[in-house]
Amino acid sequence: MKRTTMTGRVSGLALACAAAFPAALAAHPLDGLTAEEMIEVTRILSEAGHTGPDSRYPLIELREPEKQVVLDWQEGDPEPRAAVVNVVT
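Attention in this report is confined to the structure presented alongside it.

Each value, and the rule that gives it
Residues numbered from 1 in each chain as written. Predicted model: local features only at pLDDT ≥ 70, side-chain atom pairs only at ≥ 80, totals over all residues. Heavy atoms only, no water. Core = buried A, V, L, I, M, F, W, Y, C linked by side-chain atoms within 4.5 Å. Buried < 20%, exposed > 50% of the residue type's maximum accessible area, 1.4 Å probe, protein only. Helix = DSSP H or I, 4+ residues; strand = E, 2+ residues; numbered from the N terminus. Salt bridge = Lys/Arg side-chain N within 4 Å of Asp/Glu carboxyl O.

1. Notes on the nonpolar core
Thinking step 1. One finds Leu-33, Val-41, Leu-45, Ile-60, Leu-62, Ala-83, Val-85 and Val-87 forming the largest nonpolar core, which totals eight residues.
Thinking step 2. Ranked by the residues each element gives to this core, the list is headed by strand S3 (residues 83-88), at three residues.

See below:
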């Protein structure tokens, strides 16, 4: 098995998943990823050819936004979400 950390690439891809789930966005920018967001991250990776049916995901977590984004955030503001993902293929 090959262990791959795809933090930079995955973060860029995972940002697209926020647009796919506007209703599933967290109530606060530091809330953990929802189950729907995690599923979307794995789908994005699979469709991009980075993972396959035997891939395992020991870590899928929120990539925290910049501090100023959190400080400026107001309830109801849409916030692009990003993920840090470790994949074992």
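2. Re the pattern of salt bridges
Thinking step 1. Within this structure, the stated rule accounts for three salt bridges.
Thinking step 2. Measuring nitrogen to oxygen at the nearest pair gives 3.0 Å for the salt bridge that ties Glu-37 to Arg-81. With Glu-37 in helix H2 (residues 35-47) and Arg-81 in the loop between helix H3 (67-72) and S3, this pair connects stretches of sequence that are 44 residues apart.
Thinking step 3. Overall, the relative accessible area of 3% leaves Arg-81 in the buried class.
Thinking step 4. Residue Glu-47 is joined to Arg-43 by a salt bridge in which the shortest nitrogen-to-oxygen separation is 2.5 Å. Placement of both Glu-47 and Arg-43 in helix H2 is noted, with a separation of four residues, approximately one turn of the helix.
Thinking step 5. The partly exposed category is assigned to Arg-43, whose relative accessible area is 35%.

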